[in-house]
Amino acid sequence: MTRFTGAVSLLAVAAALCALPAAAETADKRIALSNNYAGNSWRQAMLRSWDKVTKPAVEAGIVAAADPFTTAENQVTEQAAQIQNLVLQGYNAIVLNAASPDALNGAVKEACDAGVIVVSFDGIVTEPCAWRIAVDFKQMGKDEVTYLAGKLPEGGNLLEIRGLAGVFVDDEISKGIHEGVAENAKFKIVGSVHGDWDQAKAQAAVAGILPSLPDDIVGVVTQGGDGYGAAQAFAAAGRKTPTIIMGNRQDELAWWKEQKDANGYETMSVSIAPGVSTLAFWVAQQILDGKEVPKDLVVPFLRIDQDNLEKNLETTEKGGVANVEYTLEDAQKVIEAAAK
Amino acid sequence: MNAATLPRLARSLLPAISLAIILGAIFWLQPRAASYLGLNLMLSLAVPIAFATVAQMCVITVNDLDLSIGTFVGFVACVAATMLKGGLIALPLVAGLYPEADPATLPFWLTTPLVGWLVLALGIGVYALLGALIHARDLPSIVVTLGMSFVWLGLSVLVLPTPGGKAPDWIRTVMTLKPPYVPLPIIAAVLIALAAHLLLMRTSYGAILRGAGGNPKAIERAGWSLLKVKIAMFALAGLFGTLAGLSLVGLTTSGDANIALRYTLLSIAGVILGGGEFVGGRISPVGAVIGAMTLTLAGSFLSFMRISPDWQIGAQGAILIIVLALRAVIDRLEKRT
């Protein structure tokens, strides 16, 4: 009996595999979102964006289903079991924000072997059979220094606020920042603290290091979620506010707007939009549609400058983070860019 | 058949019946699951949980509780993903000391996977020592193992600061075997249950081991060393915990210090679900393995039911409570007769 059903299911998988490239329609295809964590504002915004974009897509008949699944605890084994269940439930593609870059590879490989398309984003997986929509965090760090180099031609002393120690993202952004500084010799990083991507922690850390730093700090390079705290620490110490790079959080943008109106303060803000989940959705749809898609794609940053600050602040809810939802055309652009 | 055997029979059959009900419900909800592929996918993660549950059962046999089994399994996974594959040099900590070294020119002691085996053996040794310590100083095992759980987690982070590493190929091969007719997880579960059953229920020393939980004074008066019993049971727990870590890393292909934190509670629940008791040396190895499989399948079942993950933990608890309530009823019947 087991052998018979096993053979039948294998045949079904084989048939699904054969049918895949031929079908240009995705109306009967089902996509699942496997998410490992929903406990902060960024993830909440990510899930809201997913609903906002996929519901109309399902209604319009572009795909048959796009159901989000979040594991209750941020645990690798739980998410591995979730992926296996999604495979059994017959989803054609799984869009994955992974709890671990490596430890889900076994489950992802099983999904691939069963003919399921796996597209990972934000928390990406290293298994070669999956697609990756990665963030070039290094470039993000470098962009910050490049912006400062353009704005402050004389250069000067910089303060670096890092994220959570030991996390890959923190390492990458910091590497990018240091690379940027190496290319722009006029800048010098005179201090570095860990703000854990948190306003309160960043404020305490900056307040702690400020007395030991020279008076002429011209810029603060950050990782997001720490700009407002840094500004408060500088104000509390009675120092001149340097150019602080922001990270798209609502309180950061609100503070920037206040300063801009009061004294023409200039800076820029950069981070990853939580709506990247919708980009992953469209990429999965494109793969199901039989399009040739490179395995490694890069997400564009969401950058806010002096001129579009008001517009972005308006659409960002209090306590949230600036967001953008992606369209099918955006996804196609990203795919084209990677194919080159 | 007299009246007394009926509740006892019901008690020993309860785990199997719960498993059958859950399995039936899954097949009804998702016919696709009733296949070789489906069973393989749903049950593959039950293998490490079954090992961890048997490990927990060994400790529960002697009236103790192991709150460190989850982090210990994580530690084994980290060791297996590093030292067992590439020797000492696979540790990020050591690799940093030899930044430019060519793997071919490194000394033998840096590249041999024997180091990994040595560390795993040491881990089992630490478990045996814990058993001795708990017995000699008459310490509450909950406190000792809770403390150890932080030690194992700390060691795992030292071994593997960020998730990664790579499982040795042979473990990967073993865990992805596709034997004909019967999926590997089922064969593995039967073997684990059989081995534990023979060891604890069918050997004469197994009776002593269980007796140490039921009536330690009697065992001691009969001339057996309780110290040796505790050491043996904790060492066995360490051995099964190690097997849990190795099988887990074979499935995930790489390690992560936090990979198995849930196993502590899952293993305790598995033992109890399988008909074991917290005190009195009353255990059932076959039941424990079945309990582990039931818990794993409960997760799949709830996800096929489309129950929101926020409720899943609660629903998993509800399943546990229902089974335990049934058992309380059976216990009452047992007393009455």
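In this text the structure is predicted, and so the values were computed from the model without any measurement.

Trainee: Is there a simple way to think about the sheet that holds strand E6 (residues 156-162) of chain A in this case?
Mentor: The strands making up a sheet associate through backbone hydrogen bonding, with each pair oriented either parallel or antiparallel. All names here are of chain A. As summarised here, the arrangement of the four strands in space is E7-E6-E8-E9, forming an open sheet in which the pairing is parallel. If you trace the sheet from one side to the other, it starts and ends with strand E7 (187-194) and strand E9 (243-244), each paired once. Inspection of the sheet shows E6 paired to strand E8 (residues 217-221) by four bridges, in the parallel sense. Paired with Leu 159 across the strands is Val 220, a residue of E8. Of the strands in this sheet, E6, E7 and E8 touch helix H6 (residues 168-183), which is tilted by about 170° from E6. Each of E6 and E7 touches helix H7 (residues 199-209); the most contacted strand, E7, lies at about 125° to it.

Trainee: Which parts of the structure should I look at to understand the side chain of B:Thr264?
Mentor: Residues and elements named next belong to chain B. Inspection of the secondary structure assignment puts Thr 264 in helix H14 (residues 263-273). Engagement of the side chain of Thr 264 in a polar contact is seen with the backbone nitrogen of Gly 70, the distance being 3.0 Å. Among residues more than four places away in sequence, those in contact with Thr 264 are Gln 56, Asp 66, Leu 67, Ile 69, Gly 70 and Thr 71.

Trainee: Mind showing me how you'd approach the sheet that holds strand E1 (residues 30-35) of chain A here?
Mentor: Residues and elements named next belong to chain A. Strands sit in the order E2-E1-E3-E4-E5-E11 across an open sheet of six strands; the sheet is parallel. Each edge of the open sheet carries a strand with a single partner, namely strand E2 (65-70) and strand E11 (296-299). Geometrically, the sheet is characterised by an average inter-axis angle of 20° between neighbouring strands, direction not taken into account. Relative to strand E4 (residues 117-121), strand E3 (residues 93-97) runs parallel, the two being bridged by four bridges. The residue of E4 that forms the bridge with Ile 94 is Val 118.

Parameters at a glance
- Residues numbered from 1 in each chain as written.
- Chains lettered and ligands numbered in written order.
- Predicted model: local features only at pLDDT ≥ 70, side-chain atom pairs only at ≥ 80, totals over all residues.
- Heavy atoms only, no water.
- Pairing = 2+ DSSP bridges.
- Helix = DSSP H or I, 4+ residues; strand = E, 2+ residues; numbered from the N terminus.
- Contact = heavy atoms within 4.5 Å.
- Axes fitted to C-alpha atoms, helices over the stretch in contact; angles between N-to-C directions.
- Polar contact = N/O pair within 3.5 Å; in protein donor to acceptor, adjacent residues only side chain to side chain.

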